[in-house]
Amino acid sequence: QVQLVESGGGLVQAGGSLRLSCAASGAILSIPSMAWHRQAPDNQRELVALSTSGGFTKYADSVKGRFTIWRDDIQNVVYLEMHSLKPEDTAVYYCHMTVTTIPPERIENWGQGTQVTVSS
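All values reported here derive from a predicted model rather than from experimental measurement. (Residues numbered from 1 in each chain as written. Predicted model: local features only at pLDDT ≥ 70, side-chain atom pairs only at ≥ 80, totals over all residues. Heavy atoms only, no water.)

## Concerning the overall build of the protein chain
1) Next: For the protein chain, the helix and strand inventory stands at 0 helices and 11 strands.
2) Next: Put simply, the protein chain runs from its N terminus to its C terminus through helices and strands in the order β-β-β-β-β-β-β-β-β-β-β.
3) Next: Radius of gyration (C-alpha) of the protein chain: 14 Å, near the 14 Å computed for a compact globule of 120 residues.
4) Next: Counting only C-alpha atoms and orienting by the principal axes, one finds that the protein chain spans roughly 50 × 25 × 25 Å.
5) Next: Residue burial in the protein chain is summarised as follows: out of 120 residues, 45% are buried.
6) Next: Long-range contacts, defined as pairs at least 24 residues apart, comprise 55% of the intrachain contacts of the protein chain with a sequence gap of at least 6.
7) Next: Each charge class in the protein chain can be summarised by its mean position, and for the 9 positive and 11 negative side chains these summaries are 4 Å apart. (Helix = DSSP H or I, 4+ residues; strand = E, 2+ residues; numbered from the N terminus. Rg over C-alpha atoms; globule rule 2.2 N^0.38 Å. Buried < 20%, exposed > 50% of the residue type's maximum accessible area, 1.4 Å probe, protein only. Contact = heavy atoms within 4.5 Å. Lys, Arg positive; Asp, Glu negative; His and termini not counted. Charge placed at Lys NZ, Arg CZ, Asp CG, Glu CD.)

Below is the structure:
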């Protein structure tokens, strides 16, 4: 089994910064994909940022230039650095990982979610 544990959410004023982290543990061979999604009240969950083990990254248009995703493949941790936060960034943020386990099996895992609230 693989578990994801998130940390780093909180309350911040508009224009502020936060860093989220998500650590994976368990019988992990590799993690081809790490991503952050978010879900605001009454909205669908949306992809915020994605990072693959091959070096590809992708960002939602709404966060480009403000958010940065990076990963530590030794510690199996993914980070989301968020700057110039806006009230519309308020949401529950979820990490997601596609994990290749030991023995080899590809599984999808979600973190428990962490609340980010940006006040105006």
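## Some thoughts on the state of the cysteines
As used here, a disulfide is simply a covalent bond connecting the sulfur atoms of two cysteines.
1) Next: With the rule as written, the count across this model stands at 1 disulfide.
2) Next: Two residues, C22 and C95, share a disulfide whose sulfurs are 2.0 Å apart. Of the two residues, C22 is situated in strand β3 (residues 18-26) and C95 in strand β9 (residues 91-101); the sequence distance between them amounts to 73 residues.
3) Next: Residue class for C22 comes out buried when judged on its relative accessible area of 0%.
4) Next: For C95, a relative accessible area of 0% puts it in the buried group. (Disulfide = S-S within 2.5 Å.)

## Some details on the environment of T52
1) Next: Along the chain, the position of T52 falls in strand β5 (residues 46-52).
2) Next: The exposure class of T52 is partly exposed, given its relative accessible area of 22%.
3) Next: Placed 19 residues apart in sequence, T52 and R71 show a C-alpha to C-alpha distance of 9.0 Å.
4) Next: Those residues within four positions of T52 in sequence are excluded, and the remaining contacts are P32, S33 and R71.

## Digging into the side chain of T98
1) Next: Mapping T98 onto the fold places it in strand β9.
2) Next: A distance of 3.0 Å separates a polar atom in the side chain of T98 from a polar atom in the side chain of E108.
3) Next: In contact with T98, not counting residues within four places along its chain, are S30, I31, P32, S33, R106, I107 and E108. (Polar contact = N/O pair within 3.5 Å; in protein donor to acceptor, adjacent residues only side chain to side chain.)

## A closer look at the sheet that holds strand β7 (residues 67-72)
1) Next: The 4 strands lie next to each other as β1-β3-β8-β7, forming an open sheet whose pairing is antiparallel. In the strand order of this sheet, the two ends are held by β1 (2-7) and β7, each with one partner. Adjacent strand axes in the sheet meet at a mean angle of 15°, parallel and antiparallel pairs treated alike.
2) Next: Taken together, the 6 bridges between β7 and strand β8 (residues 77-82) define a ladder with antiparallel strand orientation. By the bridge assignment for β8, W70 is matched with Y79. (Pairing = 2+ DSSP bridges. Axes fitted to C-alpha atoms, helices over the stretch in contact; angles between N-to-C directions.)

## Some thoughts on the packing of aromatic side chains
1) Next: In this structure the tally under the stated criterion is 2 aromatic pairs.
2) Next: When the ring of W70 is compared with that of Y79, the centres are 5.0 Å apart and the planes differ by 20°; the resulting orientation is stacked.
3) Next: Taking relative accessible area as the criterion, W70 reaches 32% and is therefore assigned partly exposed.
4) Next: Between Y94 and W110 the ring centres are 6.5 Å apart and the planes differ by 85°, which places this aromatic pair in the edge-to-face class. Within this pair, whereas Y94 is found in strand β9, its partner W110 is found in strand β10 (residues 106-110), the two being separated by 16 residues in sequence.
5) Next: Owing to a relative accessible area of 16%, Y94 belongs among the buried residues under this scheme. (Phe/Tyr/Trp six-rings, centres within 6.5 Å; stacked < 30°, edge-to-face > 60°.)

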